Amino acid sequence: MPERRILVVDDEDNLRTMLCAALRYEGYDVSQAADGQEGLKAARETRPDLIILDVMMPGLDGFAVCRRLRESGDRTPIIFLTARDSSKDKVEGLTIGADDYLQKPFNLDELVARVEAVSRRVDREPSAADVYRVDDLELDDVAHRVTRAGVDIQLSPTEYNLLKYLMQNTGRVLSRGQLLENVWGYSRDDDPGVVETYIGYVRRKVDANDPKLIQTIRGVGYTLRLP
């Protein structure tokens, strides 16, 4: 497999240099940008496999960079770095299309683990027999296509993997810990807020019309089934 290309966008010179050195040591091909405008240009020109993107930057911040990429159809996985301990910021980042987030300060080993976890989700190879159906919802893992009542639904890589896991386990109640472990590759003790955020995001796309298929089982977790 060729080297995975990672773009690091952060206005802190020392942190950016350290991140690039750590990722190169792990075998990644790393490029960098010092602000949002430069990062947006680099993302479009170098076509990275993953972007590590700081939220708080002067001028064009990380949220704006992410929005512009997603609006242009660019689905490159994004990991946000944020210095603010705010669940609102985390929810906003995930909602506009990021795949993960890390709060500063963080351990470099944790960053590498998150990069590898996001990469594994994107790299998963579909099986030729994997077509899942629940009522009028269909996920074709060969074509990497999701439809409901014949209408295409556009999902980010993480949204797709979450829906796929729910459909693979149709009718089973899955805890937040199970979803963290099997969809994100995290420990069951990690922040469950990421699960709740993505469940809400997938619901808005998949359950726009009745019947609502993604059910919350209070105190237990989530399941996908006909009500």
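Residues numbered from 1 in each chain as written. Predicted model: local features only at pLDDT ≥ 70, side-chain atom pairs only at ≥ 80, totals over all residues. Heavy atoms only, no water.

The protein chain has the name Response regulator transcription factor in an unreviewed UniProt entry, where Demequina lignilytica is given as its organism. In its Subcellular location (unreviewed entry) section, the UniProt record describing the protein chain reads: "Cytoplasm". (UniProt positions renumbered as here; feature names shortened; annotations may be inferred.)

Peer 1: Explanation requested: the nonpolar core in the structure shown.
Peer 2: Counting 52 residues, the largest nonpolar core has Leu53, Phe80, Leu137, Leu162, Leu163, Leu179 and Leu224 as its most contacted members. Aside from chain neighbours lying at most four places away, what touches Leu162 is Leu179, Val183, Trp184, Tyr198, Ile199 and Val202. Listed in part, the 18 residues of the second largest apolar core include Cys20, Leu50, Leu111 and Val115. (Core = buried A, V, L, I, M, F, W, Y, C linked by side-chain atoms within 4.5 Å. Buried < 20%, exposed > 50% of the residue type's maximum accessible area, 1.4 Å probe, protein only. Contact = heavy atoms within 4.5 Å.)

Peer 1: Looking at this structure, I do not really get the pattern of salt bridges. What am I missing?
Peer 2: Should their charged atoms come close, side chains of opposite charge can pair. All told, the structure shown has 17 salt bridges when counted by the stated rule. With a shortest N-O distance of 3.0 Å, Asp207 and Arg148 are connected by a salt bridge. Placement of the pair is Asp207 in the loop between helix 8 (193-206) and strand 10 (214-217) and Arg148 in strand 8 (residues 145-148), with a sequence separation of 59 residues. Each member of the pair Asp207 and Arg148 is classed as buried. Among the salt bridges present, the one from Asp210 reaches Lys212, with a minimum N-O distance of 3.5 Å. On the accessibility criterion, Asp210 (60% relative accessible area) is exposed. Taken together, the shared-partner salt bridges in this structure form one network comprising Asp10, Glu12, Asp54 and Lys104. (Salt bridge = Lys/Arg side-chain N within 4 Å of Asp/Glu carboxyl O. Helix = DSSP H or I, 4+ residues; strand = E, 2+ residues; numbered from the N terminus.)

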